[in-house]
Amino acid sequence: MAQWLTGEVIENYAWNQELFSLRVRTQPFEFIAGQFVRLGLPHEGGRVQRAYSLVNGPDDNVLDFLVNRVHDGLFSPLLHDLKAGQTIEVSQPPSGFFTLNEVPDGDSLWLISTGTGIGPYLSMLCTDIPWQRFSRIHLIHAVRYSADLAYQRKILDWVEAHPGQLNYQPIVSREDYPGALRGRIPALIESGELQRAVNDVLDERAQVMLCGNPEMIRDAKVLLNDMGLPKNLRRKPGNVTMEHYW
């Protein structure tokens, strides 16, 4: 049975009209980077709730959630309207197995996401674990418009702090953007364009994490399996670990 903490909204930061970061302070709790909690708000005499990954690192004292407003949705418009000083409920304990301790060792770590699916990767990169375990890390973020490329400053600071270890590769599908690829992730992998862009190979020593759009995950999983990178299971370790985001 989930328990609930009462949190205070510290900031509701708009990246654009639809995409925002909700920052919340609660009493401290432990979680593993990549896990999620549920956010809850009162609604029609009850509570409406949805699961969101923690974007902040486990040592940060402010919780961070990357949210896209769905106009005909019930919950995200309520989150979008929250102001600093208002309260929100946060479920306990955190949940989920989309974490690096579920990922086998390898030479390279490919963190592939669409939209808000980049969130858990940012939490992981706040920790020492990926930097210590993988000699090459590729953070790949696919969005429709360049305005959806959130957390640029944080990411570019990591790139600068870890030269030669971290590659950041944006993919923007609906407009040209300097340094970004265009197209769908599976097609970019199949053509080899993604691998050329980050100057690495997807081989048996690569570990791939997929987070975001279920269609992207489904198509990329099939393609990677055909390339000799099977799904990672506890009973049979492989190369591809997945988290569906809606």
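Looking at an unreviewed UniProt entry, one finds the protein chain named ferredoxin--NADP(+) reductase, with Pseudidiomarina andamanensis as its source organism. The UniProt entry for the protein chain carries this comment under Sequence similarities (unreviewed entry): "Belongs to the ferredoxin--NADP reductase type 1 family." Heading Catalytic activity (unreviewed entry) of the UniProt record for the protein chain holds this comment: "2 reduced [2Fe-2S]-[ferredoxin] + NADP(+) + H(+) = 2 oxidized [2Fe-2S]-[ferredoxin] + NADPH".

Chemist: Looking at this structure, how should I read the side chain of Gln 207?
Modeler: Residue placement: Gln 207 occurs in strand S10 (residues 206-212). Polar side-chain contacts of Gln 207 include one of 3.1 Å to the backbone oxygen of Gly 238.

Chemist: Whenever I open this one, the nonpolar core confuses me. Can you help?
Modeler: By size, the foremost hydrophobic cluster in this structure holds 30 residues, and its most contacted members are Leu 111, Tyr 121, Leu 122, Ile 137, Leu 139, Ile 155 and Met 209. The set of elements that each furnish at least two residues to this core consists of strand S7 (108-114), helix H2 (119-125), strand S8 (136-143), helix H4 (152-161), strand S9 (166-172) and S10. The element best represented in this core is H2, accounting for four residues. Setting aside chain neighbours within four positions, we find Ile 155 in contact with Ile 118, Leu 122, Leu 139, Ala 150, Leu 166 and Tyr 168. If you look at the next biggest cluster of nonpolar residues, it comprises 23 residues, including Ile 171, Leu 188, Leu 224 and Val 240.

Chemist: What should I look at first to understand the pattern of salt bridges in this one?
Modeler: Any two side chains of opposite charge can pair, so long as their charged atoms come close to each other. Going through the model one piece at a time under the given rule, you end up with twelve salt bridges. Put simply, Arg 23 and Asp 64 hold a salt bridge, and the shortest N to O gap is 3.4 Å. You can see Arg 23 sitting in strand S2 (residues 19-25) and its partner Asp 64 sitting in strand S5 (residues 63-68), a full 41 residues away along the chain. Judged by relative accessible area, which is 10%, Asp 64 ranks as buried. Here Asp 200 and Arg 136 are joined by a salt bridge, their closest N and O atoms 2.7 Å apart. Of the two residues, Asp 200 is situated in the loop between helix H6 (193-198) and S10 and Arg 136 in strand S8; the sequence distance between them amounts to 64 residues. A cluster of three or more residues bridged by salt bridges with shared partners is formed by Glu 11, Arg 23 and Asp 64.

Chemist: I'm lost on the sheet that holds strand S1 (residues 3-14) in this one. Help?
Modeler: Strands pair in a sheet through their backbones, by hydrogen bonds, and they do so in one of two ways: parallel or antiparallel. Overall, antiparallel pairing links the six strands, which are arranged S4-S3-S6-S1-S2-S5 in an open sheet. Here the strands that pair on one side only, and so sit at the sheet edges, are strand S4 (46-53) and S5. Adjacent strand axes in the sheet meet at a mean angle of 40°, parallel and antiparallel pairs treated alike. The pairing of strand S3 (residues 36-43) with S4 spans eight bridges and is antiparallel. Residue pairing across strands places Leu 39 opposite Arg 50, the latter belonging to S4.

Definitions and limits used
- Residues numbered from 1 in each chain as written.
- Predicted model: local features only at pLDDT ≥ 70, side-chain atom pairs only at ≥ 80, totals over all residues.
- Heavy atoms only, no water.
- UniProt positions renumbered as here; feature names shortened; annotations may be inferred.
- Helix = DSSP H or I, 4+ residues; strand = E, 2+ residues; numbered from the N terminus.
- Polar contact = N/O pair within 3.5 Å; in protein donor to acceptor, adjacent residues only side chain to side chain.
- Core = buried A, V, L, I, M, F, W, Y, C linked by side-chain atoms within 4.5 Å.
- Buried < 20%, exposed > 50% of the residue type's maximum accessible area, 1.4 Å probe, protein only.
- Contact = heavy atoms within 4.5 Å.
- Salt bridge = Lys/Arg side-chain N within 4 Å of Asp/Glu carboxyl O.
- Pairing = 2+ DSSP bridges.
- Axes fitted to C-alpha atoms, helices over the stretch in contact; angles between N-to-C directions.

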